[in-house]
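# Structural overview for review
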Amino acid sequence: AQSVTQPDIHITVSEGASLELRCNYSYGATPYLFWYVQSPGQGLQLLLKYFSGDTLVQGIKGFEAEFKRSQSSFNLRKPSVHWSDAAEYFCAVGAMDSSYKLIFGSGTRLLVRP
Amino acid sequence: DTGVSQDPRHKITKRGQNVTFRCDPISEHNRLYWYRQTLGQGPEFLTYFQNEAQLEKSRLLSDRFSAERPKGSFSTLEIQRTEQGDSAMYLCASSRQGTDSPLHFGNGTRLTVT
């Protein structure tokens, strides 16, 4: 069965510091992978997605993620964090059958120190 | 692209009452999804529609839950005889058909059952 693990429940970084959020997945075939961000009381906004091709994908707001098949990982990175990046981040894997539904991890809450 | 719209944003109800939520997807999207998100967790898939046909339902969707999309446009999610365990954020998402079309989420309806 497909599953997504985000091992860090909370991460705190200083503004201007680099960021890496971890995501590991379990999926029987080549996965479709996503990162979403959710601000308090809001829905989810797509940051980036990986379907195929270049394993380093660029997203919005200066985020990038790298797909590593050998490690079953899809970690999210940003070189310099801004206070406005404080939010909850969800990694998801797409079940690429006819339904195209997403399986989400439990999320990582990012806190940014001034 | 006006985004996915959900109504109401918040609903407080007493246990045993029925509630109905509405979702208006992005107009050119023929797929519509309902997810449920409880505190501290990632969203969990409930059901999805392709046009007016409900093609998949999760085991999470008990017989007290019913979703409709009568004309292939907006959708409603009804919960009958609400229980305290139904308290959650109910998220709607839509997408085009096709494996490279990501889900766009609305801001959700927060349900509190007292």
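Figured I'd write up the structure that's included with this text.

Reading the values: the criteria
Residues numbered from 1 in each chain as written. Chains lettered and ligands numbered in written order. Predicted model: local features only at pLDDT ≥ 70, side-chain atom pairs only at ≥ 80, totals over all residues. Heavy atoms only, no water. Helix = DSSP H or I, 4+ residues; strand = E, 2+ residues; numbered from the N terminus. Rg over C-alpha atoms; globule rule 2.2 N^0.38 Å. Buried < 20%, exposed > 50% of the residue type's maximum accessible area, 1.4 Å probe, protein only. Contact = heavy atoms within 4.5 Å. Areas by Shrake-Rupley, 256 points an atom, 1.4 Å probe, with all protein chains shown as cover. Lys, Arg positive; Asp, Glu negative; His and termini not counted. Charge placed at Lys NZ, Arg CZ, Asp CG, Glu CD. Pairing = 2+ DSSP bridges. Axes fitted to C-alpha atoms, helices over the stretch in contact; angles between N-to-C directions. Disulfide = S-S within 2.5 Å.

### What about the overall build of chain B?
Looking only at helices and strands, chain B has 0 helices and 11 strands in total. Ordered by position from the N terminus, the helices and strands of chain B form the series β-β-β-β-β-β-β-β-β-β-β. A globule of 114 residues ought to have a C-alpha radius of gyration of about 13 Å, and chain B, at 13 Å, matches this closely. If you line up chain B on its principal axes, its C-alpha atoms span 40 × 25 × 20 Å. Evaluated residue by residue, chain B yields a buried proportion of 48% over its 114 residues. Sequence separation of 24 or more characterises 53% of the internal contacts of chain B that already satisfy a separation of 6 or more. Carbon and sulfur atoms make up 42% of the accessible area of chain B, which totals about 5,700 Å². The averaged location of the 13 negative side-chain charges in chain B is 5 Å from the averaged location of its 15 positive side-chain charges.

### Details of the overall build of chain A
Tallying secondary structure elements over chain A gives 0 helices and 12 strands in all. Secondary structure elements in chain A, listed N-terminal to C-terminal, are β-β-β-β-β-β-β-β-β-β-β-β. The globule rule puts the C-alpha radius of gyration for 114 residues at 13 Å, and the 14 Å found for chain A is close to it. Its C-alpha atoms give chain A principal-axis dimensions of roughly 45 × 30 × 25 Å.

### Some details on the sheet that holds strand E1 (residues 5-7) of chain B
Residues and elements named next belong to chain B. Spatial strand order, E1-E3-E8-E7: 4 strands in an open sheet with antiparallel pairing. One side of each edge strand has no neighbouring strand; the edge strands of this open sheet are E1 and strand E7 (65-68). On average, adjacent strands in this sheet sit at an angle of 15° to one another, irrespective of strand direction. Strand direction decides the pairing type here: E7 and strand E8 (residues 75-79), joined by 4 bridges, are antiparallel. In the sheet register, Ala-67 faces E8, and the bridge partner there is Leu-77.

### Quick word on the state of the cysteines
Cysteine pairs can be linked by a disulfide, which is a covalent bond between their two sulfur atoms. Throughout the structure, instances matching the rule amount to 2 disulfides over all chains. Residue pairing for A:Cys23: its cysteine sulfur links by disulfide to A:Cys91, the two sulfurs lying 2.0 Å apart. An S-S torsion of about -65° defines the bridge between A:Cys23 and A:Cys91 as left-handed. In this pair, A:Cys23 is assigned in the loop between strand E3 (19-21) and strand E4 (24-26) and A:Cys91 in strand E10 (residues 87-95), connecting sequence segments 68 residues apart. Owing to a relative accessible area of 0%, A:Cys23 belongs among the buried residues under this scheme. The class for A:Cys91 is buried, based on a relative accessible area of 0%. For B:Cys23, the disulfide goes to B:Cys92, at an S-S distance of 1.9 Å. Sign of the S-S torsion, about -70° for the bond between B:Cys23 and B:Cys92, identifies this disulfide as left-handed. Separated by 69 residues along the polypeptide, B:Cys23 in strand E3 (residues 19-24) and B:Cys92 in strand E9 (residues 88-95) bring together distant segments of the chain. The same class applies to B:Cys23 as to B:Cys92, namely buried.

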